[in-house]
Amino acid sequence: MTDPKDFRVSDAEREHVIGLLQKAIGQGLITLDEFSTRTDVALVAKTRGELNAVLVDLPGMTHNEQAPKAVAPKDRVEIKNTMSSVSRKGQWAVPRELVVRNRMGSTDLDFSEADIPHAVVTVELDVTAGSVSILLPEGATVDTEEIEMAAGSVSDKSGGGEGRPHFVLTGAVRAGSVQIKQVRMVRIGPYLVRMPGFRVRKA
């Protein structure tokens, strides 16, 4: 029987481990130089044993040898929020139509690492005295022309994009605010740094 440590690893597994190393930087477990060295090792690792070697001395940092199961996104999902905070971030499944009902609360939608199989995503806003923050993936485009405003504001700092997915924002914002930003990748030497948020990967 083959030892699991000798199993070959995929690019997705290598990226997952690099993500764990990024968390280790944020927790002060390793320095930037150590991150650079360990990232180089992870990028060329061929087996799980080699890949896990860069995490062995980091408490709580382990690589799951089973890839996460994909979650099929629904066609339409509602997010309801009354005087509270709601967020969606990480690798979440984005539906074709997303409805945000916000009453005097805050809703944070981070699409930068989400699973988005649709070329067009519609976000219907029903916001009263609340705030909605949207972070788009790099290269995404957005259309805010269909939003009905009543004593509210929309701030689009995405800067536009040239690819998919395309986000269409509709609905109404009453005495509330919508802020839109977009992820940018900045090259620093041999690495690409994600802004906003400190995420580093090999260029």
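**Q** It is not clear to me how the overall build of the protein should be interpreted in this structure. Could you clarify?
**A** The secondary structure content of the protein amounts to 3 helices and 13 strands. Per-residue burial for the protein yields a buried fraction of 37% across its 203 residues. Surface exposure of the protein reaches about 11500 Å², of which carbon and sulfur atoms provide 51%.

**Q** What's the story with the nonpolar core in this structure? I'm lost.
**A** One broad trend across soluble globular proteins is that nonpolar side chains are buried collectively. In this structure, Phe111, Leu125, Ile134, Phe167 and Leu169 are the most contacted members of the largest nonpolar core, which totals 25 residues. The set of elements that each furnish at least two residues to this core consists of β3 (97-103), β5 (120-128), β6 (131-136), β7 (141-150), β9 (166-174) and β10 (177-182). Residue contributions to this core peak at 4 residues, all from β5. In contact with Phe167, not counting residues within four places along its chain, are Phe111, Ile116, Val121, Val123, Leu136, Pro137, Ala140, Thr141, Val142 and Asp143. If you look at the next biggest cluster of nonpolar residues, it comprises 15 residues, including Val9, Ile30, Ala45 and Leu51.

**Q** So what exactly am I meant to see when it comes to the side chain of Arg38 here?
**A** Note that Arg38 resides in helix α2 (residues 32-44). At 2.8 Å, the side chain of Arg38 and the side chain of Asp57 are in polar contact. Ignoring any residue separated from it by four or fewer positions in sequence, one finds Arg38 in contact with Leu21, Ile30, Val54, Asp57 and Leu58.

**Q** Got a minute to help me understand unusual backbone geometry in this structure?
**A** Apart from glycine, the bulk of residues carry a negative phi angle, and the bulk of peptide bonds sit in the trans form. Positive phi values are uncommon outside glycine, yet Ala151 reaches one of about 60 degrees. With respect to the helices, strands and loops of the structure, Ala151 is situated in the loop between β7 and β8 (153-156). For Ala151, a relative accessible area of 74% corresponds to the exposed category. For Ala175, which is not glycine, the phi torsion reads 50 degrees and is therefore positive. With respect to the helices, strands and loops of the structure, Ala175 is situated in the loop between β9 and β10. Look at Ala175 and you get partly exposed, because its relative accessible area is 47%.

**Q** Would you mind going over the environment of Asp40 with me for this structure?
**A** Relative to the assigned elements, Asp40 resides in helix α2. Since its relative accessible area comes to 32%, Asp40 is described here as partly exposed. Taking the C-alpha atoms as reference, Asp40 lies 9.9 Å from Val54; in sequence the two are 14 residues apart.

**Q** What's the story with the sheet that holds β10 in this structure? I'm lost.
**A** Strand pairing in a sheet is mediated by backbone hydrogen bonds. Such pairs are either parallel or antiparallel. The strand order β2-β4-β6-β10-β8 describes an open sheet built from 5 strands, whose pairing is parallel. Two strands close off the open sheet at either side, each with one partner strand: β2 (85-88) and β8. Adjacent strand axes in the sheet meet at a mean angle of 10 degrees, parallel and antiparallel pairs treated alike.

**Q** I'm lost on the pattern of salt bridges in this one. Help?
**A** If the charged atoms of two oppositely charged side chains come close together, the side chains can form a pair. Enumeration according to the criterion identifies 9 salt bridges in this entry. With its nearest N and O atoms 3.2 Å apart, the salt bridge here joins Glu13 to Arg48. Here Arg48 lies in helix α3 (residues 48-52) and Glu13 lies in helix α1 (residues 11-26), a separation of 35 residues in the sequence. With respect to class, Glu13 is no different from Arg48; both count as buried. A salt bridge links Arg101 to Glu78; the shortest N-O distance between them is 3.2 Å. Of this pair, Arg101 sits in strand β3 while Glu78 sits in strand β1 (residues 76-82), placing them 23 residues apart in sequence. Using a relative accessible area of 25% as the deciding quantity, one classes Arg101 as partly exposed. On the basis of relative accessible area, Glu78 is assigned to the partly exposed category, the value being 36%.

About the thresholds
- Residues numbered from 1 in each chain as written.
- Predicted model: local features only at pLDDT ≥ 70, side-chain atom pairs only at ≥ 80, totals over all residues.
- Heavy atoms only, no water.
- Helix = DSSP H or I, 4+ residues; strand = E, 2+ residues; numbered from the N terminus.
- Buried < 20%, exposed > 50% of the residue type's maximum accessible area, 1.4 Å probe, protein only.
- Areas by Shrake-Rupley, 256 points an atom, 1.4 Å probe, with all protein chains shown as cover.
- Core = buried A, V, L, I, M, F, W, Y, C linked by side-chain atoms within 4.5 Å.
- Contact = heavy atoms within 4.5 Å.
- Polar contact = N/O pair within 3.5 Å; in protein donor to acceptor, adjacent residues only side chain to side chain.
- Pairing = 2+ DSSP bridges.
- Axes fitted to C-alpha atoms, helices over the stretch in contact; angles between N-to-C directions.
- Salt bridge = Lys/Arg side-chain N within 4 Å of Asp/Glu carboxyl O.

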